[in-house]
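Structural description and commentary
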Amino acid sequence: MRFILAGNPNVGKSSLFNVLTRETVHVGNWGGVTVSEHVHKIHKTDYSLIDLPGTYSTCPNSEDEGVVARTILNADYNGIVNILDAKHLKRNLLLTVQLLELGKPILICANMADELEKRGSLLDVKRLSDNLGVDVIKTSAVGDKSLIRDQITNKLKEMKTNELVINYGIDINRAIDEIQEILAIEHTHVSKRWIAIQILEGNKDAIDSITPTTLPKIEKVISETTKKVKLIDDETIEGLMFLKRLEFIDKALKGVITRNHDHKHSEEQMSKVDNILTHPIIGTFIFIGVLLLIFQLSFGDGVLGLGGFLTGLIETFLDTYVIDALANISQSIGLYEDSFLYGLVNEGIVSGLTAILVFVPQVVILFMLLAVLDGIGYTARVAVLFDSVLSKVGLNGKSIVPIISGFGCAVPAVMATRMMESKKERILTILTLSFISCGVSVPVYALILGNFMEGYAVSISLLLIYLLGIIVVLVSAKLFSLAMFTEESSCFVIEIPPIRKPQLNYVIHVGLNQAREFIKRVGTFMVIGMVIVFVLTYFGPSGVAKSNNDSFLYFIGSGIAPIFKPLGFGTWEASSALIMGFLAKENVAATLMLLNADFGTTINSISFVIFMSLYIPCLSTVAAIKGETKSWKYTSIAIGYPLVVAYITTFVFRVILLILL
Amino acid sequence: MKLSDLETNKYSKVQDTSKLGKELSNILRLRGIYRGAEIQVKRRIYGGRLLILETNGIQLCIRSVDAQRIEVL
């Protein structure tokens, strides 16, 4: 049996999904964390659960809400688990009403009821259940997890159906009946009444699900009803339907919440914290400080340099025990040092893997810290903080969410743009995201910069690279906004979630999950990349290469190296590393190490780092961009534009550095 | 009166959102800004360019240019 998990954004859906399935889906304290569906089995059952993006309505206003609409319309499922935020039932029940109209079995979980009680109010779930005609239970993702799992699983076995029929008034009721009749010959997954209601509300996915030939008749009904509703009620169809649903919700909530006392103190405290976090100057300094702290903890050395310390430990362990042991094993099974297989295993795969494995702690710490930012609700405040700046260049405060996500990995960052309502701002954000260095690129910079600087200097340099990336994002967005979507309107609406304590278990889970993903990624792209690099260096036009300068990679790298000569790294090693970086950014470090690349001077090294930080999105990001934009035009721009920008920016910086130093 | 002119911390009721256009009106309605909803401006940020509003116990941030198109009582 399959069940859908649906609810408003930021009601704790993903947390409950994780409790039920024992998975670690990304959880945040702001709307828009889940932007695609996830399907997993409920722990110790045969039931499948589909976690959907948060939505306020089944009638979508953004790409992630469209995922919900399409799943409800087209997927096979046996029932719906509707998660509500117990603190905001009135608004949450608007979606519940639409789900009840579907006539499918439904279980309602009033989540975060504990937070409601802390605020001095009590929730009567029995009365709410009676008023809605379906089961309602209290849940909390921070309570006893097995108890919640058992409670929900038991209820799934006996889910109730109560097809809600709301009186929308004579005109809309008649329109629903007429559209139902028109749809009589249509084959639909869900009830025709529900589709009729959704079409009247303007649900584009519902309209797309029917045969185009029936559309003119339906449009005629909508047009006549629109005129009548405007004349009699001075409202739009969807506006009147909304108000009628609110009337139903007000009745359903009568006597459901009892207020014992107000909880003003914590609200006042939160307001003071918000004033500071969203203050244009203080808030910006706090944001830079937070980023600096994250980089120091993740990639720095010395005080607070946790990532650097752990990387040192792993490096020592690998050098002392693993590398020599593997070389000995290779020799003991008959592989000779100058044989192809020995080289492939030890110089290709093992060297490449160990070069990257030392970065695992840094990436894990970075992802854990980003999870903390999400969990406490800081990300939404940063969106507010930066809307003024971002709106001036054609972006939106919400663009900061994918940008921060891009500090980890560009692929989820590209997908995170789905929660943006405006197409213009969404495309501009996608096209400029590649200028934000991802978590696996940063260790490469740290590695190169670490050759001539140490301690805080590395962290500050990394921060400057990020700042450069952000400046390029702003300038590029402005240029793009002047060139395309000039007629598109813009809007910024964001919910400010309460500040919450991050869930430690979850933060650890995220870290471990990312380590697993990172190693998995290394196991595919890295190994493939290293095998390619080794094969291309082992063989040359004349067979087995006598030296690197006789290899295929030398000829390929040398072919494009002159292009990079004005930038100071026109060597075949650096060029080859950049080519391999297109496959995956971590390949750059491994290739540089495998080829013993040397940049010669500090300025050359800095030039290489600047170029690498801007030059091209990796292959998986390109695939994500194509998937999200569904356009070769935008995908080509996302590849070609950064190359030009990286070249010009690096050249300018190099000239400045040569003059100054 | 326009929502953007509402004094900070004073309560009012939303009267009309039609000037926002269909799309934005729908988005705000589902987040709690609809005809008859009680609303309060909690704070103004960036010299009033952004407003933090509270409606039905939820805090929302919108731009002042959009608040100018919302009529309140």
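Here the structure is a predicted model, which means the values were calculated and not measured.

A few words on the overall build of chain A. Each helix and strand in chain A was counted, giving 29 helices and eleven strands. Taken over the C-alpha trace, chain A has a radius of gyration of 28 Å; the compact-globule value for 661 residues is 26 Å, and the two agree within 12%. Counting contacts in chain A only where the partners sit at least 6 residues apart, residues at least 24 apart contribute 72% of the total. Working note: accessible area of chain A is about 27,400 Å², and carbon and sulfur atoms make up 62% of it. Each charge class in chain A was averaged separately, 56 positive and 61 negative side chains, and the resulting centres sit 4 Å apart.

Let us now look at the packing of helix α22 (residues 456-483) of chain A against helix α29 (residues 632-660) of chain A. Residue and element names in this part refer to chain A. Between α22 and α29, the shortest axis-to-axis distance is 12 Å and the interhelical angle comes to 125 degrees. On the basis of the axis angle, α22 is oblique to α29. Pair α22 / α29 crosses with right-handed handedness. Residues Leu468, Val472, Ser476, Leu479 and Phe480 of α22 pack against Ile637, Tyr641, Val645, Thr649 and Phe653 of α29. Per-class residue counts for the contact of α22 with α29 are eight nonpolar, two polar and no charged.

All right, on to the sheet that holds strand β1 (residues 11-16) of chain B then. What the six strands build is an open sheet, ordered β9(A)-β4(B)-β3(B)-β2(B)-β1(B)-β5(B); its pairing is antiparallel. What marks the edges here is a single partner per strand, and that holds for β9 (493-496) of chain A together with β5 (71-72) of chain B. For β1(B) and β5(B), the ladder comprises two bridges, and the chain directions are antiparallel. Pairing of B:Asp16 across the sheet is with B:Glu71, part of β5(B).

All names here are of chain A. Within the largest apolar cluster, 92 residues are counted, with the highest numbers of intra-cluster contacts made by Val384, Phe569 and Phe608. Here this core gets ten residues from one element, more than from any other, and that element is α22. Beyond its immediate sequence surroundings of up to four residues, Phe569 is in contact with Phe564, Ala574, Leu578, Phe599, Asn604, Ser607, Phe608, Phe611 and Thr650. One finds Leu132, Ile176, Ile179 and Ala252 within the second-largest nonpolar core, a separate group that totals 88 residues.

Right, let's get into the packing of aromatic side chains. Across all of its chains, the model carries 21 aromatic pairs over all chains by this definition. With a centroid separation of 5.1 Å and 75 degrees between ring planes, the pair formed by A:Tyr538 and A:Phe539 is classed as edge-to-face. Ring centres of A:Phe564 and A:Phe611 lie 5.2 Å apart, and the angle between their planes is 70 degrees; this geometry places the pair in the edge-to-face category. Linking A:Phe564 in helix α24 (residues 552-564) with A:Phe611 in helix α27 (residues 602-614), this pair joins segments that are 47 residues apart in sequence. Using a relative accessible area of 2% as the deciding quantity, one classes A:Phe611 as buried. Ring pairs connect the aromatic residues A:Phe564, A:Phe569, A:Phe599, A:Phe608, A:Phe611 and A:Tyr615, which therefore count as one cluster. Above the face of the A:Trp632 ring, A:Lys626 is positioned so that its terminal group lies 4.9 Å from the ring centre. Positioned over the ring face of A:Phe242 is B:Arg29, at 5.7 Å from the centre of the ring.

So, about a nonpolar patch on the surface. Residues and elements named next belong to chain A. Together, Leu293, Val303, Leu304, Tyr456, Ile460, Leu464 and Leu467 make up an exposed nonpolar region whose accessible area comes to about 650 Å². Here the nonpolar patch takes four residues from α22, the largest share from any one element. Structurally, Leu293 can be placed in helix α13 (residues 282-299).

Across chain B, pLDDT averages 92, with 100% of residues at or above 70. Per the prediction output, this complex has pTM 0.78; the corresponding ipTM is 0.95.

Every contact between the two is made by 38 residues of chain A and, on the other side, 27 residues of chain B. The contact between chain A and chain B buries some 3,100 Å² in all, and 54% of this surface belongs to carbon and sulfur atoms. When the buried area of chain A at its contact with chain B is split by residue, A:Asn61, A:Phe242 and A:Val493 rank highest and sum to 17% of it. With its nearest N and O atoms 3.7 Å apart, the salt bridge here joins B:Lys22 to A:Glu238. Our count for the contact surface shared by chain A and chain B stands at seven residue pairs in polar contact (both at pLDDT 80 or more). At the level of secondary structure, the elements contributing two or more residues to the side of chain A that touches chain B comprise α3 (89-101), α11 (237-252), α12 (264-277), α17 (378-392) and β9 of chain A.

So, on to the confidence of the model for chain A. Taken as a whole, chain A shows an average pLDDT of 85; of its residues, 95% reach a score of 70 or greater. Taken as a whole, residues 26-33 of chain A scores under 50 in pLDDT and shows 35 contacts with residues more than four places along the chain or in a different chain.

All names here are of chain A. Look at helix α1 (residues 13-21) against helix α6 (residues 145-156): their axes get within 9 Å of each other, and the N-to-C directions meet at 90 degrees. Taken as axis vectors, α1 and α6 run roughly perpendicular relative to one another. Here Leu16, Val19 and Leu20 of α1 come into contact with α6, specifically with Lys145, Ile148, Arg149 and Ile152. Classifying every residue of the contact of α1 with α6 gives five nonpolar, no polar and two charged.

What follows concerns α3(A). All names here are of chain A. The end-to-end C-alpha separation of α3 is 18 Å, in line with the 18 Å expected for 13 residues at 1.5 Å each. Of all the bends in α3, the largest measures some 25 degrees and sits at Leu95. Burial analysis of α3 places twelve of its 13 residues in the buried class, the great majority of the element. For α3, the full list of buried residues reads Leu89, Arg91, Asn92, Leu93, Leu94, Leu95, Thr96, Val97, Gln98, Leu99, Leu100 and Glu101. Looking one or two residues past α3, Gly103 carries a phi angle of roughly 75 degrees, positive in sign.

A few words now on the environment of A:His187. Inspection of the secondary structure assignment puts A:His187 in the loop between α7 (170-182) and α8 (192-201). Distance in space between the C-alpha atoms of A:His187 and A:Ile210 is 8.4 Å, their sequence separation being 23 residues.

Turning our attention to the pairing of strand β4 (residues 79-85) of chain A. Residues and elements named next belong to chain A. Most of β4 is tucked away: seven of the seven residues are buried. Residues Gly79, Val81, Ile83 and Asp85 point to one face of β4 and Ile80, Asn82 and Leu84 to the other, with burial holding for every one of them. Across six bridges, the pairing between β4 and strand β5 (residues 106-111) is parallel. Within β5, the residue paired with Ile83 across the bridge is Cys109. Between the parallel elements β4 and β5, the chain passes through α3 in a crossover that is right-handed.

Cut-offs applied
- Every chain is numbered on its own, with residues counted from 1 as its sequence reads.
- Written order determines the labels here, with chains lettered from A and ligands numbered from 1.
- Reporting in this predicted model follows two pLDDT cut-offs: at least 70 for local features of residues, and 80 or more for side-chain atom pairs to be given and counted; totals over whole chains, interfaces and linings ignore these cut-offs and use all residues.
- As a convention, hydrogens and water are excluded, and side-chain values are obtained from all of the structure's heavy atoms.
- Strands are runs of DSSP state E lasting at least 2 residues, helices are runs of H or I lasting at least 4, and numbering of each runs from the N terminus.
- Radius of gyration here uses only the C-alpha atoms, and the compact-globule reference equals 2.2 Å multiplied by the residue count raised to the power 0.38.
- In what follows, a contact means two residues having at least one pair of non-hydrogen atoms within 4.5 Å.
- Methods summary: accessible areas were calculated by the Shrake-Rupley approach with a probe of 1.4 Å, and residue burial reflects only the protein chains presented.
- Positive residues here are Lys and Arg, negative ones are Asp and Glu, while His and the chain termini are left out of the count.
- For the purpose of locating charges, the reference atoms are NZ of Lys, CZ of Arg, CG of Asp and CD of Glu.
- Convention adopted: a line fitted to C-alpha atoms gives each axis, helices being fitted over their contacting stretch, and angles between N-to-C directions are expressed from 0 to 180 degrees.
- With respect to orientation, any angle under 35 degrees is reported as roughly parallel, any angle over 145 as roughly antiparallel, any angle of 65 to 115 as roughly perpendicular, and every other angle as oblique.
- Working rule for handedness: look at the near helix, and if it is turned counterclockwise from the far one by less than a right angle, call the crossing left-handed; if clockwise, right-handed.
- Only Asp, Glu, Lys and Arg are considered charged, only Ala, Val, Leu, Ile, Met, Phe, Trp, Tyr, Cys and Pro nonpolar, and every remaining residue, Gly among them, polar.
- Paired strands, in this sense, are two strands between which DSSP finds at least two bridges.
- We call a set of buried residues a nonpolar core when its members are Ala, Val, Leu, Ile, Met, Phe, Trp, Tyr or Cys and they connect through side-chain atoms within 4.5 Å of each other.
- Here's how the labels work: a residue is buried when its accessible area is under 20% of the maximum for its type, exposed when over 50%, partly exposed in between, all with a 1.4 Å probe on protein chains only.
- Think of it this way: a Phe, Tyr or Trp ring, Trp meaning its six-membered ring, pairs with another when their centres are within 6.5 Å, and the plane angle makes it stacked under 30 degrees, edge-to-face over 60, tilted otherwise.
- By definition, being over a ring means that NZ of Lys or CZ of Arg is both within 6 Å of the ring centre and within 35 degrees of the ring normal.
- Residues enter patches when their relative accessible area tops 30% and they take part in no salt bridge; the joining distance is 9 Å for like charges and 5 Å for the nonpolar side chains Val, Leu, Ile, Met, Phe, Trp and Tyr.
- Definition used for salt bridges: Asp or Glu carboxyl oxygen within 4 Å of a side-chain nitrogen of Lys or Arg.
- Note: pLDDT gives the predictor's confidence per residue, expressed from 0 to 100.
- Using a 1.4 Å probe, buried area is obtained as the accessible area two parts lose upon being combined, added over both of them.
- In protein, a polar contact requires one atom able to donate a hydrogen and another able to accept it; more generally it is a pair of N or O atoms within 3.5 Å, and residues adjacent in sequence count only if both atoms are side-chain atoms.
- By this rule the span expected of a helix is its residue count minus one, scaled by 1.5 Å.
- Bend is the name given here to the angle between axes fitted to two runs of seven residues, the run ending at a residue and the run starting at it.
- Call a crossover right-handed when, viewed with both strands pointing away from you, the route from the first strand across the helix to the second goes clockwise.

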